[in-house]
Amino acid sequence: DDDYYDDDGGGDGGDDSGRKPGTPVCPNDTNPPTFWILEDGTRFMNSLKDGHKSSMSKGLLDIRGIFHNTGACYRFVSLEDNLSVEQMTDLIIGLVKENKIRTILLIVEYDQLETLPESSSLKNQMRIIQYLLGDKIFHNLFLIVGHPFGRGDKTAKREAEDKFSKMFQWPPEDIELLLMSNSLNLYGNILKHKEIKNAIDGSSVLIENGNLPPILLSDNGTKIEQTMFSVISFFSASKDVTWQLEWLLEGNLLWRVEGHAKGVITPAEEKSVKEVIETNQEVTYITKNLYAAKVWIMPKGQKIMTIEIDISSKLSNISVSVSAWKEWEAWSRCDIYLEKTRTRQTENEKEKQKEKEKCDITSVTKPNFCQKFGEYPGPRILFLGATGVGKSTLGNMLLGVSKGRCLEKQCIKCKKGFCKPGQCEKQDSKGVCEKCKAGQCQIGRRGACIGGGKECVRRKNYQLGKPMNETEELPFEPGSGIDSKTVKMDTSSGQFLGSGPCVTLIDTPGTADSKGRDYEHAIKMAKFLKNEMGSFDAILLMLKGSDRRFSSHTIALLKLYQEIFGKEMWRNVIVEMSYWKHTKQAACDRKKDMSLDELKQQQDINTKLRDVFDVKHTVPMVFVDPVFGGFDPNKHVEKREVDIFQNQTINLWKRVKGMKKYECSENCQAPEDFYTGTPWLESANKNKVEDGQSNFVVPCKIWDGITSGDSSHKNSDMLKWFFRGEELFSQDYGMDPIVKTEIMETYGFEIVPPKSSHGSLFAISTLTIERVNGKQHQGVFMCKNKKGQDEWKLSIPFWSEWGAWSQCTKSCRTYDPLEDPGKQKRTRECKGHQNEVNTCSSSKGGKEDVQDCKISVFCPVERVVTDWSTWTSCSPSCGRGTRSRSMTCTPGMFNLIEEYNLCPTKNNAPYEAQEDICTDGPCPRNCKFGPWSDWGSCKPECAKDTNVKGQKKRYRSVLESAVGGGTCDATEYATSCQVTECPVDGKWGEWHEGTCISSIGCGKGRQDKWRSCEGRKGAGKACRTLNGFENEYESKNVECFTKACPIDCVLGPWKIPSCKADCDSSKDVTMSRSIITKAKHDGIECGKTSESYRCYGNSCPKPPPQKGGCYSRNSLVTLSSGNSVKMSSLKIGDNVEISDEKGVHGFSEFVGWMEKDETQKVSFYKLTTESGNELVMTGTHGLFIEYDGIVSATFAKSLEVGDSLILSNQSNGTKTERLVMISMVVETGWLDPLTRSGTIMVNNISTSCYASFPHWLANLALFPARQWPDIFLDDSETQEKDGTREYIHFIKQVGRLFSSSGFRIDDKYSEAFKDIGLIKYFEGSFSFPDLRAGDKNLQDAGVTVVWFSMMAGFLGFLLQQIYKK
């Protein structure tokens, strides 16, 4: 599929972009496109070699550079494994806010699919990504699976889609998957894929979650007690509305937070919940309408708590277990799959947790490990294949053993008469030995061994790369030539590949060997599997990689296996293409010569299996080379071979483990003589037969795989059937069948002569019983031919005749409800009953039969008559009316006297009613009224208090009076009313004081005071403020005093005694300091005033001769951007961190190299401070120390343990730290940089740029180089070159000229200069006993002479350089 990628080539991974050492990682690209990588592990991120790694965010892998020959600069970010959910969400929030992610890649290799669901980190990341991207997730996310055969393997693609669907709850039809070949540069091809390149060249990932319900995340399985745990949520809220967030614990409100448009969040409101000791929360605005919320809870007790979040009625919840774990139990023993387990449970014993761990066991460390799991431990793999296909060799390889070269051979076949004395096994008629005992030929005699027939008795074999004992046998003995070495079933158990789980391999004799033993071997194999092993997991059908077709013999043998194991064996078959070399050259040759690769071979073989054997499914295939040399340290193997071997053996193991165990089929369980032609009635025993069963079939199988006598006759050509010794059917060679028709019809038998299906190796004759009769058909059935016979006895329990019916259980039937007429039963016996299985057929009923009685007489039913009901009320209720009463009757039935069936009512009706006239008096009439008057005024008119209720009234007149008990309602009606409050003016209350607040928490501060207008009522006046206005409230802010400010303890400087230990030894001393100011008012108390420390002496061995050097090439410097970089990567113009001679922090320009070298070994001083900072520099190089508050310069070799060095405090300032260790190291190469200031911070420690000379003098001498570096030092072209710059060489010579002991302290003073009088003069005139800065010796000596001499040199050198330019 080459056209699917850009045409700029592939590569082997890594940074092969061809950039030169020292050039920027991403030239001219400070903001490259960003990939977000998701993977189980760090395989992809580990492939990004030599890129720039950022350490800005802990837990985030952040690498940028040009990788995998893409020619483009990219940035890759990935979250580390084992992060807590809180750490993970913080990093993702940072990436989203950064808004630089162009696309997201989820990269999985095929061998990782099985363990992919175990990655909780991937699951949580995908949950968040699904929430952020919503329905457009596959616009920005690519799912990539690396597979050996690429995207052509549809089975692997379906398997991967199924895994992703189950893990992330995606519908399979929505998943867009890229299946790519991982045999060559998978990662490079990913970055060059057209769709991925289009995405990375586009805009940043768009966050569009579609206002989904909030999601909740927490660390699963964390059991805690009295400890704060966190729950994190992502949610969305519309920009133009106010939203409300509520955290609920077990349904109780814990926190309420409100927010508005553009991320404005109001202070949270906390609610008290009795289950919680302490809690906190935080809401963060991310971007657009997206927010993140966190809640921290410290619960009481141990329980599983439900945490809910309600975002404006959008509810989500999560359960968090807060029960503490008990201690882990002891580890179990390692099991058959090299796993050990241990368990623990919670304190409340409601939850258990199981942990697994791999055992570090190999066949070398524990050779007999698998034997304790039984005779055939682990999955069982049966090898089938032709002789010479490499079954035994592959078996050894799968057990981690590699056959090596032979060290000694012996003759196994001698010429006649060439035996050693007394070693003859067989003589001919003349007494001449014609067969020797094995290995007993006269080897010294020429030609004694026939045809070079020798075998190896000592061999150099290897197990997991380690030599085996020369006489130790291999698990399987490989053959050679055309004869099979394996002549019987051979099993070997051990660890898969020598270090994996236990496995049992079953080697079988090769088919198509020169001795023609195939059928014999096949029958013995069936016997072995039936009697000894019983079942196996997989059949490894081995074919040679060079075979492009099935030979006729291979087809015949596969058919033989199919007959033995049944057609279902193909579900357990894995095809192994043996001797399929995986070198790059072999793959190219196959592609070039035959257009053949693994995928095409798999398709071709499956097509043949489908055409020849009617195999419906795709048979899996592996390509494990049995002569792979990975276990033999003397053999060279390509990395490609190793990768494919690992991939294919893992694939084989997964296939075997995923198969359902194969139980021996019907034919596999046949008697031994079945395969020699004896008939077999075994199937009849398996078929359950019942009395009365229709068309019961008794099959007789005859094996035709081996012919009998005359090759033209088959075993099934002659056959006879017998029943109870009486012949029923007879068929012989070349004759028509003889059928005893009369006997057959008497018994209801039908016999079908032997028939075989197309291509089958056995025939079947059937005897069918039309209807089984237990009494008639009991007896022995026999199927017979010339090879033998098989018998089957039919013995069926049967029912006797029924007995007489019993009496009915009832004499009459109830009519309503209609009742059953009663029951009667009869019984019978089961003749020949043996047990619950071998008993009479239940299909014909049981031993008891029940039926309804034939009764037509119904039981008598009495009539039912009610009493007269009470009279109803008179209707109407006033004036003349009527009332009534009634009675009912239900007639009787089936009484012998008819009168008892009739009702005692008029006309024997079922209902009778009576009516009577009545009155309850005249009808009533109520009064008639006039209309209500208006309401009167509220009484009283006002009151002193508020909320006083008064009363108001209204009236009406009576127009007509009531009659007949009618009513006359009230003519007056009163209701309550609100009485107004009588007016009272207000008066000011007492001043209230707020908390006194100081910005520093102590001393003077400000506080609020306020008062309220009290007592005002009704229309009374409000109080008058200090400003003259009427108001209900007044406040003011006044000065106040909080408390005395704390005074911290102030300590004097440490007084450090001299500490100097012998070489390779240490010494303890005590330093002290005085108290200047004592702590007051809760100030910080004084610390220790004395402390002991240990100093160490230098290393005793004499360091190698010093040839130069200043700083180690591994030294680090800090740029003004804050990034730490290697000193070797500095470029002219970079601003680096420095501190000057007084210890003042700053930055200075790097102007070039004074010296640099990368080949010579140099002895360095390694200086270690109390916080672990380490500086590696030569002893003659300068740096700065602080003593009694004064900063001075000194040399590394003059330092003592306890000296205070000047360090960067990481905040644009400096601090001091004690030197705790001085040691010597030897490294290759050195660097000597120069800045405009003449100083530089190296590994956070302040140093001089100069060596050998006092800092002030060297800084003065290097003034021209610092001001005009392109003339005196370096430019952009020369900065990459090694060596000492010419100006520096000149300065060194001047220094050596004027002193051999004072100015320089190195060993480069030339003996030849000692006779020069000028030198002797200066040696007598100047003395520099101590070069530590601060001494006045050098200033008081003849510096003027040195200065003028150097200036003359400068002028000459300057003129020379100008002339050169």
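Calculation criteria
- Residues numbered from 1 in each chain as written.
- Predicted model: local features only at pLDDT ≥ 70, side-chain atom pairs only at ≥ 80, totals over all residues.
- Heavy atoms only, no water.
- Salt bridge = Lys/Arg side-chain N within 4 Å of Asp/Glu carboxyl O.
- Helix = DSSP H or I, 4+ residues; strand = E, 2+ residues; numbered from the N terminus.
- Buried < 20%, exposed > 50% of the residue type's maximum accessible area, 1.4 Å probe, protein only.
- pLDDT = per-residue confidence, 0-100.
- Contact = heavy atoms within 4.5 Å.
- 1 Å grid on protein atoms, 1.4 Å probe; cavity = no way out; pocket = protein on both sides within 12 Å on 5 of 7 lines; lining within 4 Å.
- Points joined across faces, edges and corners; volume = space filled by probe spheres on them.
- Nonpolar A, V, L, I, M, F, W, Y, C, P; charged D, E, K, R; others polar.
- Expected span 1.5 Å × (residues − 1).
- Pairing = 2+ DSSP bridges.
- Axes fitted to C-alpha atoms, helices over the stretch in contact; angles between N-to-C directions.
- Parallel < 35°, antiparallel > 145°, perpendicular 65-115°, else oblique.
- Left-handed = near helix turned anticlockwise from the far one by under 90°.
- Lys, Arg positive; Asp, Glu negative; His and termini not counted.
- Polar contact = N/O pair within 3.5 Å; in protein donor to acceptor, adjacent residues only side chain to side chain.
- Core = buried A, V, L, I, M, F, W, Y, C linked by side-chain atoms within 4.5 Å.
- Phe/Tyr/Trp six-rings, centres within 6.5 Å; stacked < 30°, edge-to-face > 60°.
- Lys NZ or Arg CZ within 6 Å of the ring centre and 35° of its normal.
- Disulfide = S-S within 2.5 Å.

Novice: Please clarify how the pattern of salt bridges should be interpreted in this entry.
Specialist: Two side chains bearing opposite charge may form a pair once their charged atoms approach each other closely. Applying the stated criterion across every chain, the model contains 36 salt bridges. A salt bridge links Asp625 to Lys581; its shortest N-O distance comes to 3.6 Å. Separated by 44 residues along the polypeptide, Asp625 in the loop between β32 (621-622) and α13 (639-658) and Lys581 in the loop between β31 (573-578) and α11 (584-594) bring together distant segments of the chain. On the basis of relative accessible area, Asp625 is assigned to the buried category, the value being 4%. Here Asp643 makes a salt bridge to Lys639, at a shortest N to O gap of 2.8 Å. Remark: Lys639 and Asp643 occur in helix α13; sequence separation between them is 4 residues, near one turn of the helix. Assessed through its relative accessible area of 35%, Asp643 is described here as partly exposed. Here Lys639 falls in the exposed class, since its relative accessible area comes to 63%. By sharing partners, the salt bridges in this structure join Glu246, Arg256, Glu269 and Lys271 into a single network.

Novice: Looking at this structure, how should I read the confidence of the model for the chain?
Specialist: Detail in the predicted coordinates should be disregarded across regions flagged by low pLDDT. Of the residues in the chain, 84% reach a pLDDT of 70 or more, and the chain-wide mean stands at 80. For the stretch residues 221-226, pLDDT sits under 50, and the model shows 21 contacts to residues farther than four places along the chain or on other chains.

Novice: Teacher, can you tell me more about the layout of surface pockets here?
Specialist: Taking a probe equal in size to a water molecule and rolling it over the atoms shows the remaining empty space. Estimates place the volume of the second largest pocket at around 1400 Å³. Lining the second largest pocket are 36 residues; nearest its centre among them are Glu114, Ile650, Trp653, Lys654 and Lys657. Secondary-structure elements contributing two or more residues to the lining of the second largest pocket are β18 (352-358) and α13. For the lining of the second largest pocket, the leading source of residues is α13, giving 11 residues. Of the residues contributing to the lining of the second largest pocket, the split by class is 13 nonpolar, 11 polar and 12 charged.

Novice: In this structure, what is going on with helix α12 (residues 598-613)? I would like to understand it.
Specialist: The first and last C-alpha atoms of α12 sit 22 Å apart over 16 residues, in line with the 22 Å expected at 1.5 Å per residue. By the burial criterion, the buried members of α12 are Glu598, Leu599, Gln601, Gln602, Asp604, Ile605, Asn606, Leu609 and Phe613. Summarising the contacts, the buried residues of α12 are in contact with β30 (538-544), α10 (552-565), β31, α11 and β32. Of the residues flanking the end of α12, it is Asp614, one or two places downstream, whose phi is positive at about 60 degrees.

Novice: What am I meant to see in the sheet that holds strand β35 (residues 719-723) here?
Specialist: Pairing between the strands of a sheet comes from backbone hydrogen bonds, and it takes one of two forms, parallel or antiparallel. Pairing is antiparallel in the open sheet, where 5 strands are placed in the order β37-β36-β35-β40-β41. The outermost strands of the open sheet, each flanked by one partner alone, are β37 (738-739) and β41 (788-794).

Novice: Where do I start with the packing of helix α2 (residues 85-98) against helix α3 (residues 120-133) in this structure?
Specialist: Helix-helix packing is described using two parameters, namely the angle between the two axes and the distance between the axes. Between α2 and α3, whose axes approach to 11 Å, the crossing angle comes to 40 degrees. The angle between α2 and α3 places the two elements in the oblique class. As α2 packs across α3, the resulting crossing turns out to be right-handed. Residue-level inspection shows Val85, Met88, Thr89, Ile92 and Val96 of α2 in contact with α3, the latter providing Ser121, Asn124, Gln125, Ile128 and Leu132.

Novice: In this structure, what is going on with the side chain of Arg956? I would like to understand it.
Specialist: Looking at the element boundaries, Arg956 is found in the loop between β51 (948-955) and β52 (958-960). Buried charged residue Arg956 carries no salt bridge. Nearest counter-charge: Asp969, at 4.4 Å. A polar contact of 3.1 Å, which involves the side chain of Arg956, links it to the backbone oxygen of Ala970. Those residues within four positions of Arg956 in sequence are excluded, and the remaining contacts are Phe929, Gly930, Pro931, Trp932, Asp969, Ala970 and Thr971.

Novice: Honestly, the nonpolar core in this entry has me stumped. Any pointers?
Specialist: As a rule of thumb, nonpolar side chains are buried together in soluble globular proteins. Counting 73 residues, the largest nonpolar core has Trp36, Phe164, Trp170, Phe235, Leu245 and Trp247 as the members making the most contacts within it. In this structure, Trp170 is in contact with Met126, Gln130, Ile137, Phe138, Leu141, Leu143, Phe164, Ser165 and Ile175, ignoring residues within four places of it in sequence. With 50 residues, the next largest nonpolar core counts Leu1130, Trp1153, Met1177 and Ala1265 among its residues.

Novice: Could you clarify how one ought to interpret the environment of His1081 in this entry?
Specialist: Looking at the secondary structure, you find His1081 in the loop between β62 (1075-1077) and β63 (1090-1096). Since its relative accessible area comes to 45%, His1081 is described here as partly exposed. Between the alpha carbons of His1081 and Ala1044 there is a distance of 6.6 Å; along the sequence they are 37 residues apart.

Novice: I keep staring at the packing of aromatic side chains and nothing clicks. Help me out?
Specialist: Two aromatic rings, taken as a pair, are described by how far apart their centres are and by the angle between their planes. The full count for this structure, using the stated rule, is 34 aromatic pairs. Centre to centre, the rings of Tyr747 and Phe749 are 5.3 Å apart; their planes meet at 15 degrees, and the pair counts as stacked. Three or more aromatic residues joined by ring pairs make a cluster, and in this case those are Phe35, Phe44, Phe67, Tyr74, Phe76 and Tyr187. Just above the ring of Trp871 sits the side chain of Arg883; from NZ or CZ to the centre is 4.7 Å. Its guanidinium or amino end placed over the ring of Trp932, Arg954 lies 4.6 Å from that ring's centre, counting from NZ or CZ.

Novice: What should I look at first to understand the environment of Leu254 in this one?
Specialist: Considering the arrangement of structural elements, one finds Leu254 in strand β11 (residues 252-259). Along the chain, Leu254 and Val276 lie 22 residues apart, while their C-alpha atoms are 9.1 Å from each other. Setting aside its immediate chain neighbours within four residues, Leu254 contacts Trp247, Leu248, Glu269, Glu270, Lys271, Val273, Val276, Thr279, Val295 and Ile297.

Novice: Hey, could you run me through the state of the cysteines in this one?
Specialist: In a disulfide, the sulfur atoms of two cysteines are held together by a covalent bond. In this structure the tally under the stated criterion is 16 disulfides. The residue that forms a disulfide with Cys424 is Cys433, at a sulfur-sulfur distance of 2.2 Å. Taking the torsion about the S-S bond as the criterion, the Cys424 to Cys433 disulfide, at about 100 degrees, is right-handed. Look at Cys424 and you get partly exposed, because its relative accessible area is 27%. For Cys433, a relative accessible area of 10% translates into the label buried.

Novice: When you look at the sheet that holds strand β1 (residues 34-38) in this model, what are you seeing that I'm missing?
Specialist: The mixed open sheet is built from 7 strands, whose spatial order is β2-β3-β4-β1-β5-β6-β7. Edge positions in the open sheet fall to β2 (52-54) and β7 (177-181), since each of these has one partner strand only. Ignoring which end each strand starts from, the neighbouring axes of this sheet average 25 degrees apart. Relative to strand β4 (residues 73-79), β1 is paired through 3 bridges, and the arrangement is parallel. Following the sheet pairing, Phe35 is matched in β4 by Phe76. Sheet strands touched by α2: β1, β3 (60-66), β4 and β5 (101-109). Its angle to β4, the strand with the most contacts, is close to 150 degrees.

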